[in-house]
Structures are given as C-alpha cells and as structure tokens.
Amino acid sequence: MEEGNHTGVLQFLLVGLSDHPEQQLLCFGLFLYVYLVTVLGNLLIILAVSSDPHLHTPMYFFLSSLSLTDICFISTSVPEMLVNIQTQNKDISYIECFTQAYFLNTFAGIENFLLTVMAYDRFVAICHPLNYTLIMNPRLCVLLVLLSWLLMFWVSLVHILLLNRLTFSTGTEIPHFFCELAQLLRVTTSDTLINNVFMYMVAAVLCVLPMTGILYSYCHIVSSLLRMPSLPSKYKAFSTCGSHLCVVSLFYGTGFGAYLSSDVTHSSQRSMIASVMYTVVTPMLNPFIYSLRNKDMKGALGRLLSRGVSCL
C-alpha cells in the first residue's frame, strides 16, 4: 500500500460513532441540538458579561474567556462530524485532520489554563480581599489569558510539526469521530518515540502544574474559610467557588476518563463515548452551571433577554 503524507490526495477515514442509518440520523439530530445549545449558551454568557457593568470584574472576564474557548473547542469537532453524517462521507484530508488535531489540543489546553487562573482569582479574592483589585488588575487579567492562548498555540504547533514527520498508509482508518493526536500516533507506520516523549512531557507539565495550582489555591481558600467567624460569611465566600469547582470536576473528570479509556481499553466505542463527554457535553454544561448557581449571572441574563425581547 502506498505510504506518505505529503500528497494532497491522501486522506484519512473517520470511522464515526455508528454505521447504522437510523443511529446516524439520531446522532445527527442529537449533536446538532447539543452544538446549537452550547454555542447559544456560551454566547449568552459572553454578551451578558460584556453588556452588564456589574460584571466587569476579573472573575467574569475569565468566565467570558472560558465561554469563548468552549465555543471554539466544540466547533473543532462537531460541525465536521455533522457534515460527514449528512454527506455520508468519512474522508478527511491530511491537512484538515492535522488542523483539527491542532485546534482540539490548543483549546483543551487553554481551558485547562483558564480554570487554573480562575482558581487563582478566587484565592486572591478570599485570602487577600483588601489587595484584590490591586493584584487582579485588568492588565494582569488580559496578560494571563493571552499567555494561555500563546503558549498552547506554540505547544500544539510543535505537536503538529512532529506529526508531519510521520508517514501514514493511504486511506488509514481512525477509530474515532474526530482527529485526535493520540489516535493519529496509533495509526502511523513510523516510529513515534519522539512524539510520545514530547506528548507525555507536555502532559506532565501542562496538566500537573495547573492541577497543582488549583489544589494549592483551594487548600488556602478552605483554610481561610475555616478561620471566618460567621457562617453567612463562609457561605457567601464559598458560593463564588461552587460553580468553578463543578466545572473543574467535570473538565478533569471527563478528560481523564477519555484518555484513560483510550489507553487502557481496546474498545474504540468506549473511547469515543468518553471523548463525547469531554469534548461535547462539558462545553454544553459549563454555561448552565455558572448561570444556575450564580445570582449575578442570572440577573444579567434576565436583563439581557428583556432588552432583546423589547427590541423585537
């Protein structure tokens, strides 16, 4: 079989979630609904934060950045899958596949960093309230978000450059519904030692350090809460962390589930189900978690919708 990855005619074949027409129709309707809900929900968060002066704070700035990342994250995989189901075409070119893998890795990493930054924001707000506005100034907030984007752009670029050195058989099947870095390394005909070493090094640094930062922040937050004299003060302080803790648990729980199932089990179906939870369900639930658990956000969304209705 012909090999190589420098010809425009060479393609991968995405296996997808199902080959049965009835199940494909169900998947199309379900994923289209989830995608529209995710985009609309996160877009409403961004519009509410930008239009309400009461929400022009570091916490909501990071939340709107997270919502933008969620929109980009889900948009790298679901639209391509919907097109493939609609056209009954599983082909995806090398360039399109590598581009999809690049942006999936990028936006997953950005979300990882943003959750860490949000934990640090809560740490400063609760443990150093008198210096909060001085420490979390607008310049630092923008810088932290930009650094997250720039760092992941470059890290993902190195991944793709290393991936471009590998060779693949023409028409190689990828047992997934999108192009994932780990799946591409499994179907190559080349030696992947350098790729695997770099991937595990990056995972160790860019996953362990943010998780350590989150745990460190919440250890200090819990310690500060225990020292507060009144119960209402404890509840008010911790209520601002509840939504973030839910999102962190969902993101890391589904993320570890996806990668552990990919490494441990040989069932591509189980791996795809875990990946659906990680790449599709999590971005959809984030805006609901923040809007339902946050009075300020519910109020801002209500005012935004009222203005929208009045303009009709």
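Above this note sits the structure.
Below or above, wherever it landed, is the structure these notes cover. In every chain, residue numbers begin from 1 and rise along the written sequence. Residue-level local features of this predicted model are given only where pLDDT is at least 70; pairs of side-chain atoms are given and counted only at 80 or more, and the full residue set underlies all totals for whole chains, interfaces and linings. Water and hydrogen atoms were dropped before computing side-chain values, which therefore reflect all heavy atoms in the structure.

A helix here means a DSSP run of H or I that spans at least four residues, while a strand means a run of E at least two residues long, and both kinds are numbered starting from the N terminus. Of the regular secondary structure elements, the chain holds 11 helices and three strands. Along the chain, from the amino end to the carboxyl end, the secondary structure elements read β-α-α-α-β-α-α-α-β-α-α-α-α-α. We compute the radius of gyration from the C-alpha atoms alone; for a globule the expected value is 2.2 Å times N to the 0.38, where N is the number of residues. In terms of overall dimensions, the chain is globule-like: its C-alpha atoms have a radius of gyration of 21 Å, near the 20 Å expected for 312 residues. Taken along its principal axes, the extent of the C-alpha atoms in the chain is 70 × 50 × 35 Å. Here, residues are in contact when the closest pair of their heavy atoms is within 4.5 Å. Sequence-distant contacts in the chain: of pairs separated by 6 or more residues, those separated by 24 or more amount to 80%. On the chain, roughly 16,000 Å² of surface is accessible, and the fraction owed to carbon and sulfur atoms is 71%. Across the chain, the centroid of the 14 positively charged side chains sits 22 Å from that of the 16 negatively charged ones. The accessible surface values rely on the Shrake-Rupley method and a 1.4 Å probe; as for residues, cover is taken only from the protein chains in view. When charges are counted, Lys and Arg are positive and Asp and Glu negative, with His and the chain ends excluded. Charged side chains are reduced to one point each, which is NZ for Lys, CZ for Arg, CG for Asp and CD for Glu.

Right, let's get into the state of the cysteines. Cysteine sulfur atoms that pair up within 2.5 Å are treated as a disulfide. This model, assessed by the stated rule, comprises one disulfide. Across the disulfide, Cys97 is cross-linked to Cys179 (sulfur-sulfur distance 1.9 Å). Its torsion about the S-S bond being -115°, the disulfide of Cys97 and Cys179 is classed as left-handed. Here Cys179 lies in the loop between strand E3 (172-174) and helix H7 (181-187) and Cys97 lies in helix H4 (residues 94-127), a separation of 82 residues in the sequence. Buried residues are those whose accessible area, probed at 1.4 Å on protein chains only, stays under 20% of the maximum for their type, while exposed residues exceed 50% and partly exposed ones sit between those limits. In this structure Cys179 comes out as buried when scored by relative accessible area, which is 0%. Of the cysteine sulfurs around Cys127, a residue in no disulfide, the closest is that of Cys241, at 8.9 Å. Judged by relative accessible area, which is 0%, Cys241 ranks as buried.

Here the focus is H4. Compared with the 50 Å implied by 1.5 Å per residue over 34 residues, the 49 Å span of H4 between its first and last C-alpha is a close match. Burial of H4 is extensive: 28 of the 34 residues sit out of reach of the surface. Multiplying one less than the number of residues by 1.5 Å gives the expected span of a helix.

The subject of this paragraph is the packing of aromatic side chains. Ring geometry is summarised as follows: Phe, Tyr and Trp rings, the Trp one being its six-membered ring, pair when their centres sit within 6.5 Å, and such pairs are stacked at plane angles under 30 degrees, edge-to-face over 60 and tilted between the two. Within this structure, the stated rule accounts for 19 aromatic pairs. With a centroid separation of 5.8 Å and an interplanar angle of 45°, the aromatic rings of Tyr94 and Phe168 are classed as tilted. Residue Tyr94 is located in helix H4, and its partner Phe168 is located in the loop between helix H6 (138-163) and E3; the two are separated by 74 residues in the primary sequence. There is no split in this pair, since Tyr94 and Phe168 are both buried. Ring geometry for Phe107 versus Trp149: centroids 5.7 Å apart, planes at 75°, classification edge-to-face. Of this pair, Phe107 sits in helix H4 while Trp149 sits in helix H6, and the two are 42 residues apart along the sequence. For Phe107, a relative accessible area of 6% gives the class buried. On the basis of relative accessible area, Trp149 is assigned to the buried category, the value being 19%. An aromatic cluster of at least three residues, connected via ring pairs, comprises Tyr102, Phe103, Phe107, Trp149 and Phe153.

Here, nonpolar core refers to any group of buried Ala, Val, Leu, Ile, Met, Phe, Trp, Tyr and Cys residues whose side-chain atoms link them within 4.5 Å. In this structure, Leu17, Phe31, Leu115, Ile221 and Met297 are the most contacted members of the largest nonpolar core, which totals 69 residues. With 15 residues, the single largest contributor to this core is H4. The contacts of Met297, once residues within four sequence positions are left out, are Ile45, Ala48, Val49, Leu55, Tyr60, Leu63, Tyr290 and Ser291. Judged by nonpolar contacts, the second largest core, of 20 residues, contains Ile174, Leu181, Leu184 and Val187.

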